[in-house]
Every structure is written in C-alpha cells, then in structure tokens.
Amino acid sequence: MTTMNRTLATEFILLGFSKDFRVNIFLFLLFLGIYLVTIIGNVLIMSLIVTTPNLCTPMYFFLCILSFLDLCMSTCVVPRLLADLLSTVRLISLGACTMQFYTNLLMSGTESYLLALMAYDRYIAICRPLHYPVLMRWSICYRLTALLWITSFIVFILPCLLMPIDLCYPNHINHYMCEVLAVMQLACDTIYLSEVMITVNCFISLFLPFFFIIVSYACIISSVLRIHSKTKSKAFSTCTSHITVVILVYGTAMILYFSPSSQHSTSYGKYLSLFSYIICPSLNPLIYSLNNKEVKDTSRKVFVRLS
C-alpha cells in the first residue's frame, strides 16, 4: 500500500513521556491513583443520583451524564497509558488508535455541549422558576440529551468519516494516546481541509457554547442581584460548581487548541492534555460533592446508613 510512494502505517508507536523505568513507575503509580479516584468519584455520583429520590431532578440528571462522560473519557485513555508505562514497546494498532481517536472526540465534544446545557438549566431555574417545571420537564430533558449526542456525532465524528486521512511512516506518535493534533502529524498528504475542519469544529464546540454560558450567567447574575439575600446565596451555591468545571474544561481546551505553541509542538499538547483527559475527570466529582449541599447531605446519610 503506497500513497505518493509512501507506505501506509497499520500500527503506531506511542512515544509517551519517558524511557526511564523509574520515571515510568512513578507515573504509573500517580496515574493509577488518579484513575481510581476518577472511577470511585464518578460511580459514587451516578449511584447517588440514580438511587436518591430528592436528587432526581434535571440538574442532577445532567450531572449524572457528566460523570458518565468523564468516566468514559478517562477509561478510554488511562488503562492504555498504564500498560504502556510498564512496556518497552508501545505499539497500538490502527483499529485501536482509530477507536480511541473517535471516542475521545465524541466524549470531549459532548461534554462541551453538556456544560452549555447545564448552564441553560440553571438559567431557567433561577431566572424563570415558575416556568421551570414546564420548560425542563423530563420529556424535554430526554430530547435535549438525545440532541446533545446527535449533534456531537454530526459535528465531530461525521466529518472525520467523510474526510479520512491516510497515515504514513514514520509511525511515531509523540503522545501517550491517539490525539487529533498528534495523529495529524503522520498524514501522508496535505491536510489543509482537515485543519480547516478542526478550526471550525473548535469554534462550534468551544467558543459558541462558552459564549452561551457567559450570556446565561450574565442573566443569572443580573437576576440574582435583584432577589432576597438568603435566596441569593442559595442560588449562587448551585452555580459555583458548574462555573468551576466550565473554567477547567474550556480553559484547558482553548489553551490546547488555540495557543500558538499548540500549532508547532505536540509535546506541549501532550502534557496539557493530561489535565483534560486524566485530571479533570477526577476533579469534577470532588468539585460537585464539596460545593453542593444536597450532594454532601445525601452522601453523609448514605455513609451513616452503611456504617
């Protein structure tokens, strides 16, 4: 198989972080600990929401989806990373690389849109509380969730399927996973259209949802400042967790894909993406459990009941 007299790659070598065995052992223990926190935290959040009647609201329904996305995103990356850290040959097949590539795109894109949907939920709950039972009834929530997944597939997966890229030797990927910018470095031919597509997708998936979130919170802040002081603190408390996650997710993604360094150094993106795919999924359950009174109270009751 050749393209422009170049051989198409059918397997790839993930360069990872280091060839030093002691460094890799340290990283293995570190990432294993973070992954265990991610699994325990997100499974606990989902279990509490599913089994606790007073948490069966649209806000916690979307939080449950967020935990599911974080769990999938981390599981798609970390087990493979842990195995590679203990391996001398870090080969990954084309099929496995493609699966990881598409899964990361779908999960991260869906999370971006989900955070905008969660901001809309808070806007309705605070700015239009009397209309909330109608505008955010369960049938609407299910439709919005379906639209979320369909839109993510159309925006992120469909263009890649319609414009596949041939990858050639040398087959070294300067990353610990099959990440879009790192994989495109191996393209056989000119990838101008693919680069344009990535720029458009980043705008659609990052700037538009982020702008929507900013507008939503501007309306929320304007509305909260006009209400009673006791209700004001409660309204703000339901938003602080979401705002923190938005800053972490969107801030990291924008630096990763729009920083001038990201256009020239995959090593830069390799280390920064650790925050998006490994650290953030472990922090989100902690952020929501520490800042949310209902989640803390429910967790405390469950632990007391079990003990």
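Cut-offs used in this document
Residues numbered from 1 in each chain as written. Predicted model: local features only at pLDDT ≥ 70, side-chain atom pairs only at ≥ 80, totals over all residues. Heavy atoms only, no water. UniProt positions renumbered as here; feature names shortened; annotations may be inferred. Helix = DSSP H or I, 4+ residues; strand = E, 2+ residues; numbered from the N terminus. Buried < 20%, exposed > 50% of the residue type's maximum accessible area, 1.4 Å probe, protein only. Contact = heavy atoms within 4.5 Å. Salt bridge = Lys/Arg side-chain N within 4 Å of Asp/Glu carboxyl O. Expected span 1.5 Å × (residues − 1). Polar contact = N/O pair within 3.5 Å; in protein donor to acceptor, adjacent residues only side chain to side chain. Axes fitted to C-alpha atoms, helices over the stretch in contact; angles between N-to-C directions. Parallel < 35°, antiparallel > 145°, perpendicular 65-115°, else oblique. Left-handed = near helix turned anticlockwise from the far one by under 90°. Nonpolar A, V, L, I, M, F, W, Y, C, P; charged D, E, K, R; others polar. Patch = residues over 30% accessible without salt bridge, like charges linked within 9 Å, V, L, I, M, F, W, Y side chains within 5 Å. Areas by Shrake-Rupley, 256 points an atom, 1.4 Å probe, with all protein chains shown as cover. Disulfide = S-S within 2.5 Å.

- The name an unreviewed UniProt entry assigns to the protein is Olfactory receptor, from the organism Eleutherodactylus coqui.
- Under Sequence similarities (unreviewed entry), UniProt gives the following word-for-word description of the protein: "Belongs to the G-protein coupled receptor 1 family."
- For the record of the protein, the UniProt heading Subcellular location (unreviewed entry) holds the text "Cell membrane".

A look at the side chain of S18
Piece 1. Relative to the helices and strands, S18 is located in the loop between β3 (11–14) and α1 (21–51).
Piece 2. By relative accessible area, which is 18% here, S18 ends up buried.
Piece 3. Among residues more than four places away in sequence, those in contact with S18 are V23, N24 and R90.

Some thoughts on the pattern of salt bridges
Piece 1. In total, this model carries three salt bridges according to the counting rule given.
Piece 2. D20 is paired through a salt bridge with R22; the nearest N and O atoms lie 3.8 Å apart.
Piece 3. On the basis of relative accessibility, which here comes to 68%, the residue R22 falls in the exposed class.
Piece 4. Across the pair R122 and D121 runs a salt bridge whose closest N-O atoms are separated by 2.9 Å.
Piece 5. The exposure class of R122 is buried, given its relative accessible area of 9%.
Piece 6. What makes D121 buried here is its relative accessible area of 1%.

Quick notes on α1
Piece 1. Over its 31 residues, α1 runs 44 Å from end to end, which matches the ideal 45 Å to within 8%, given 1.5 Å per residue.
Piece 2. N-capping of α1 is provided by D20, with a side-chain oxygen placed 2.9 Å from the backbone N of R22.

A word on the packing of helix α5 (residues 138–162) against helix α7 (residues 192–224)
Piece 1. One way to put it is that α5 packs onto α7 with a least axis distance of 10 Å and a crossing angle of 170°. By the angle between their directions, the pair α5 and α7 is classed as roughly antiparallel. As for how α5 packs across α7, the hand of that crossing is right-handed. Facing V155, F156, P159 and C160 of α5, the residues of α7 in contact are M197, N201, I204 and S205.
Piece 2. Tallied by class, residues from the contact of α5 with α7 come to six nonpolar, two polar and no charged.

Examining a nonpolar patch on the surface
Piece 1. There is a patch of nonpolar side chains on the surface, built from I150, F153, I154, L158, L161, L162, M163, Y192, L193, V196 and V200 and spanning about 1,000 Å² of accessible area.
Piece 2. Every element with two or more residues in the nonpolar patch is listed here: α5 and α7.
Piece 3. Sort the elements by how many residues they give to the nonpolar patch and α5 lands first, with six residues.
Piece 4. Among the structural elements, L162 can be located in helix α5.

A short note on the state of the cysteines
Piece 1. Going through the model one piece at a time under the given rule, you end up with two disulfides.
Piece 2. The disulfide partner of C97 is C178, and the gap between their sulfur atoms is 2.0 Å. Where C97 bonds to C178 through sulfur, the torsion about that S-S bond is close to -125°, and the disulfide is left-handed. Separated by 81 residues along the polypeptide, C97 in helix α3 (residues 94–127) and C178 in the loop between β5 (172–173) and α6 (180–184) bring together distant segments of the chain.
Piece 3. With a relative accessible area of 4%, C97 lands in the buried category.
Piece 4. Residue pairing for C168: its cysteine sulfur links by disulfide to C188, the two sulfurs lying 1.7 Å apart.

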